[in-house]
Amino acid sequence: MIRLSGRLVCMSEEERAAVLLHRAGHEAATRAEPGCLSFRIDDTDDPLIFDVTESFRDRPAFDAHQARTRDSAWFAATRSILRDFRVEELRD
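Residues numbered from 1 in each chain as written. Predicted model: local features only at pLDDT ≥ 70, side-chain atom pairs only at ≥ 80, totals over all residues. Heavy atoms only, no water.

### What to know about the pairing of strand E3 (residues 49-56)
Item 1. Counting buried positions along E3 gives six out of eight residues, so the element sits mostly inside the fold.
Item 2. Bridge count for strand E1 (residues 2-9) against E3 is eight bridges, and the pairing is antiparallel. Directly across from Arg-3, in E3, lies its bridge partner Ser-55.
Item 3. Alignment of strand E2 (residues 36-43) against E3, held across seven bridges, turns out to be antiparallel. Counterpart to Cys-36 in the pairing with E3 is Phe-56.
Item 4. Here E2 folds back onto E3 in antiparallel fashion, the turn holding five residues. (Buried < 20%, exposed > 50% of the residue type's maximum accessible area, 1.4 Å probe, protein only. Helix = DSSP H or I, 4+ residues; strand = E, 2+ residues; numbered from the N terminus. Pairing = 2+ DSSP bridges.)

This is the structure:
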């Protein structure tokens, strides 16, 4: 299993607005991907920071998610937002 956790760190209200505008669509599209086990973008106490947690069945599913995301409206709108992520590969 591949697990990603971390934060999106917005530097402006405009970046925050982009996350809020595209979050639901990105979550739904990701959850529908083959191999997606979980995916969340959650608010935090700081309105400019969002917690991100996701898990995928295996590396190919995670890589397919990354490729799809790069061609999405989500990425086009949020590409400049700082991503502070950690990716772990968990083995049985």
